[in-house]
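Analysis of the macromolecular model
Given next are the chains, with one letter for each unit.
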Amino acid sequence: MRVISGNPEATIDRSKREFLRAAMALLAGLGLPKTSLAGGGRHGAGGSGQRVVMVVFGGVRRAETFSPQGLVNIPHLSGDLLPQSLFYRDARNEGVTAHFNAISSILTGNWQRVDDWGKLAPTTPTLFEQFRKGLGAAQSDTWVVASNKALTNLIGASSAADYGPPYGANVVFPKQLMVAAVANALRAGRSRNMADREKIEAELQSMLEAGNYEGLGWSVFDAAERLDPRVRATIEEAITSFVRSGGPTSGDELTFLVSREVMRKFSPRLLVVIFSDVEVAHFGSYAMHVGGIRTGDRLSYQMWQEIQTNPEYKGRTTMVVMPEFGRDPDGSTTNGFFNHRGDTESTRGTWMMALGAAVEKPQIVERPIRHVDLCATLGDLLGCPPMDTQGARLKELRG
Ligand SMILES: [Zn+2]
């Protein structure tokens, strides 16, 4: 049992619930345009025909996941997916254990040491850029959908010469877009059929202005402005139906639903989904952190099920699931599971699971691998030209 002072769970839960209730009421009368997109859009001709879906958790320790006492938190990963997977028991983050750098390192195959809060792009080309430049793939073929507020649009392309944004991915932050959609609805005053509209609007306005949605500092910014209009319409539609459903209230649920919509509308060949409900750990709630692990476990499984039933993906897709890093050990001077700053086994040691087309036979690999090994491996699966990275190609995944 862990003692938590100030009961942040109650505060965050109430804030989230109130936000969603008010947003639902506001958006209920808002008719967003329907998109008329059919099929997968245009794709470049090059490549192997293989698809890659990468699912990245935030920071989770081995202790709460693939350990004897942790398995209870990941019934789908351990029970449904492990038996058919290629499982690397020891996948190591040897770089900076902060979100933007960790994701950048995974996506570039080089340990990145840029700004922790995404103010600077990775310095070497991302997998998106290599894929698009090397094979002429369209932007609609490469996506990042992320819950993590420590990321910015700069996660989609590097600052490397001859690469950069012209070859970058679509980057979408559904939670920010939801907040933005609500703010726009407030400004436009388009809601109707609400007895207590003024009260709700005032409530929402104060939450947005305080930037305390979920108590996590979300604020409205121009993410949506940078998206292609048809992309934006698709996302807004998905967000509206999420809000209208009044059902699941987790940021990762929204990220999953938007990712699934992106798969159905655009069928990208390279999709990166970044969940971060587990990062509620920074507020000190162990119960909510474990709840985030369970959500990520379930959503990873739902993602795999979508791949199995979506004809654009079935039979030719490799899905990988991995955490960005672990978290600090109990009893550490950095407050244990709250953080991920320690140079410790608990913080650096994670795991990686691969499923699908590139998996020849299910097996558990004991040999340690590094997060930077993934980029060149996935690039090879997609048919990219050889890449110059710090990582090594993982030979167990067949091209
Ligand atoms: Zn964190």
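Above: the structure in question.
Okay, so let's go over this structure. (Residues numbered from 1 in each chain as written. Predicted model: local features only at pLDDT ≥ 70, side-chain atom pairs only at ≥ 80, totals over all residues. Heavy atoms only, no water.)

**A short note on the overall build of the protein**
The condition that has to hold: Under the scheme used here, helices are H or I runs from DSSP no shorter than 4 residues and strands are E runs no shorter than 2 residues, and both carry numbers assigned from the N terminus. Each residue gets one of three labels from its accessible area relative to the maximum for its type: buried under 20%, exposed over 50%, partly exposed in between, using a 1.4 Å probe on protein chains only. Each accessible area is a Shrake-Rupley result for a 1.4 Å probe, and residues are judged covered by the shown protein chains and nothing else.
A tally of helices and strands in the protein yields 11 helices and 9 strands. Across the 399 residues of the protein, 58% fall into the buried class. Approximately 15,700 Å² of the protein is accessible, and the part contributed by carbon and sulfur atoms is 51%.

**Quick look at the packing of aromatic side chains**
As a reminder of what qualifies: Pairing of aromatic rings covers Phe, Tyr and the six-membered ring of Trp, with a centre-to-centre limit of 6.5 Å; geometry is then stacked below 30 degrees between planes, edge-to-face above 60, and tilted otherwise. Placement of a charge over a ring requires the Lys NZ or Arg CZ to be within 6 Å of the ring centre, with the centre-to-atom vector within 35 degrees of the ring normal.
Under the definition given, this model contains 7 aromatic pairs. A ring pair is formed by Phe-66 and Trp-351, whose centres lie 4.8 Å apart and whose planes are at 75 degrees; its orientation type is edge-to-face. Taken together, the positions of Phe-66 in the loop between β1 (51-59) and α2 (75-81) and Trp-351 in strand β7 (residues 349-356) put the pair 285 residues apart, joining distant regions of the chain. Considered together, Phe-66 and Trp-351 belong to a single accessibility category, that of buried residues. With a centroid separation of 5.0 Å and an interplanar angle of 70 degrees, the aromatic rings of Phe-337 and Phe-338 are classed as edge-to-face. On the accessibility criterion, Phe-338 (23% relative accessible area) is partly exposed. Three or more aromatic residues link up through ring pairs in this structure, and these residues are Phe-57, Phe-66, Phe-87 and Trp-351. Here Arg-51 stacks its cationic end above the ring of Tyr-313, 5.3 Å away from the centre of that ring. Here Lys-133 stacks its cationic end above the ring of Tyr-163, 4.8 Å away from the centre of that ring.

**A look at the state of the cysteines**
Definition in use: A pair of cysteine sulfur atoms is labelled a disulfide when the two atoms are within 2.5 Å.
Under the criterion given, the structure shown has 0 disulfides. Among the cysteines around Cys-384, which has no disulfide bond, Cys-375 carries the closest sulfur, lying 8.1 Å off. Residue classification places Cys-384 among the buried positions, given a relative accessible area of 8%.

Keep in mind that these numbers describe shape and distance, not what the molecule does.
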